[in-house]
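What follows is the residue order along each chain.
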Amino acid sequence: QISVAVDRYCIPGEGIEIRPYLFGNYLLCGSALCGGKAYAVLEQFFHGYAENLTETPGSQYEIMNTLAESAYAESSSLQVSTLFCGTRQDPSLRGAVMGISDRNFTPGNLILGVLQGMAQELKGYYDAMEHSTVTALAASGGGVKKNPVLQKVLADLFRMPLILTQCNEEAAL
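Residues numbered from 1 in each chain as written. Predicted model: local features only at pLDDT ≥ 70, side-chain atom pairs only at ≥ 80, totals over all residues. Heavy atoms only, no water.

(A) Layout of the packing of aromatic side chains. Overall, the coordinates contain four aromatic pairs when judged by the stated rule. With 5.3 Å between their ring centres and 75 degrees between their planes, Phe-45 and Phe-46 make a pair best called edge-to-face. Owing to a relative accessible area of 14%, Phe-46 belongs among the buried residues under this scheme. Between Tyr-126 and Phe-158 the ring centres are 5.4 Å apart and the planes differ by 65 degrees, which places this aromatic pair in the edge-to-face class. Of this pair, Tyr-126 sits in helix 3 (residues 107-129) while Phe-158 sits in helix 5 (residues 148-158), placing them 32 residues apart in sequence. Residue Tyr-126 shares its accessibility class with Phe-158, and that shared class is buried. The residue whose ring lies beneath Lys-123 is Phe-158, and the NZ or CZ to ring-centre distance is 5.9 Å. (Phe/Tyr/Trp six-rings, centres within 6.5 Å; stacked < 30°, edge-to-face > 60°. Buried < 20%, exposed > 50% of the residue type's maximum accessible area, 1.4 Å probe, protein only. Helix = DSSP H or I, 4+ residues; strand = E, 2+ residues; numbered from the N terminus. Lys NZ or Arg CZ within 6 Å of the ring centre and 35° of its normal.)

Structure representation (structure tokens):
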């Protein structure tokens with residue numbers, strides 16, 4: 001989810017909700033249906049493959065993050081739409097992988113493409129909010145904190161510094 005605080009009620013753009021916030025303010029919110037689950041779906045894919053190689057494959061996240069870091073350093077990826085669960089407006093939409101060639105179809109590029117696709121979906125919501133006073137991006141949640149490449153992708157795409165919260169379980173806090 002991506003949210004922007006505003007000081008007055010307004011009619012939100014398509015796919016954006018407006019919610020009450022503190023001190024008479026409001027939040028504009030864009031909520032992806034899949035969100036971070038897209039990365040979990042990819043981990044399950046690689047876990048299934050690894051399971052066929054060894055009886056106890058374990059989590060694939062660390063390996064995925066390493067491969068994504070290499071692809072990021074090489075400035076290569078695939079274009080991945082992570083609409084695996086559709087959108088609130090159209091739940092029938094599905095994801096896609098585009099731009100595949102014989103040179104770029106690698107696990108690292110696929111992983112980086114998924115991270116970029118997740119970030120791009122949030123950026124689409126942000127752009128629909130048409131709010132120009134934002135100067136920094138605050139991120140919360142374990143998915144962002146545990147993935148340095150996702151942090152870089154978000155900062156690059158939004159062209160803003162990324163600030164990570166200092167506490168865990170931010171939603172509960």
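(B) View of the pattern of salt bridges. Following the criterion strictly, the structure yields four salt bridges and no others. Its salt-bridge partner being Arg-19, residue Glu-17 comes within 2.6 Å of it at the nearest N-O pair. Among the residues examined, Arg-19 registers a relative accessible area of 27% and is labelled partly exposed. The salt bridge involving Glu-69 is made with Lys-152; its shortest N-O contact spans 2.7 Å. In this pair, Glu-69 sits in helix 2 (residues 61-73) while Lys-152 sits in helix 5, placing the two residues 83 residues apart along the sequence. Under the relative-accessibility criterion, Lys-152 is labelled partly exposed at 32%. (Salt bridge = Lys/Arg side-chain N within 4 Å of Asp/Glu carboxyl O.)

(C) Region of the structure containing unusual backbone geometry. Of note in this structure, Phe-23 is not a glycine but carries a positive phi near 55 degrees. Along the chain, Phe-23 turns up in the loop between strand 2 (17-20) and strand 3 (26-30). Residue classification places Phe-23 among the exposed positions, given a relative accessible area of 80%.

(D) The arrangement of the pairing of strand 1 (residues 2-6) in detail. With burial as the criterion, only one face of strand 1 is covered, namely that bearing Ile-2, Val-4 and Val-6; the residues Ser-3 and Ala-5 on the opposite face remain uncovered. Where strand 1 lies against strand 3, five bridges are found, and the strand directions are antiparallel. By the bridge assignment for strand 3, Ile-2 is matched with Gly-30. (Pairing = 2+ DSSP bridges.)

(E) Quick peek at the packing of helix 3 against helix 5. Following both chains from N to C, one finds helix 3 and helix 5 inclined at 40 degrees, their axes separated by 9 Å at the closest point. The orientation of helix 3 relative to helix 5 falls into the category oblique. Crossing hand, helix 3 versus helix 5: right-handed. Facing Leu-112, Leu-115, Gln-116, Met-118, Ala-119, Gln-120, Leu-122, Lys-123 and Tyr-126 of helix 3, the residues of helix 5 in contact are Val-149, Leu-150, Val-153, Leu-154, Leu-157 and Phe-158. Broken down by class, the residue content of the contact of helix 3 with helix 5 amounts to twelve nonpolar, two polar and one charged. (Axes fitted to C-alpha atoms, helices over the stretch in contact; angles between N-to-C directions. Parallel < 35°, antiparallel > 145°, perpendicular 65-115°, else oblique. Left-handed = near helix turned anticlockwise from the far one by under 90°. Contact = heavy atoms within 4.5 Å. Nonpolar A, V, L, I, M, F, W, Y, C, P; charged D, E, K, R; others polar.)

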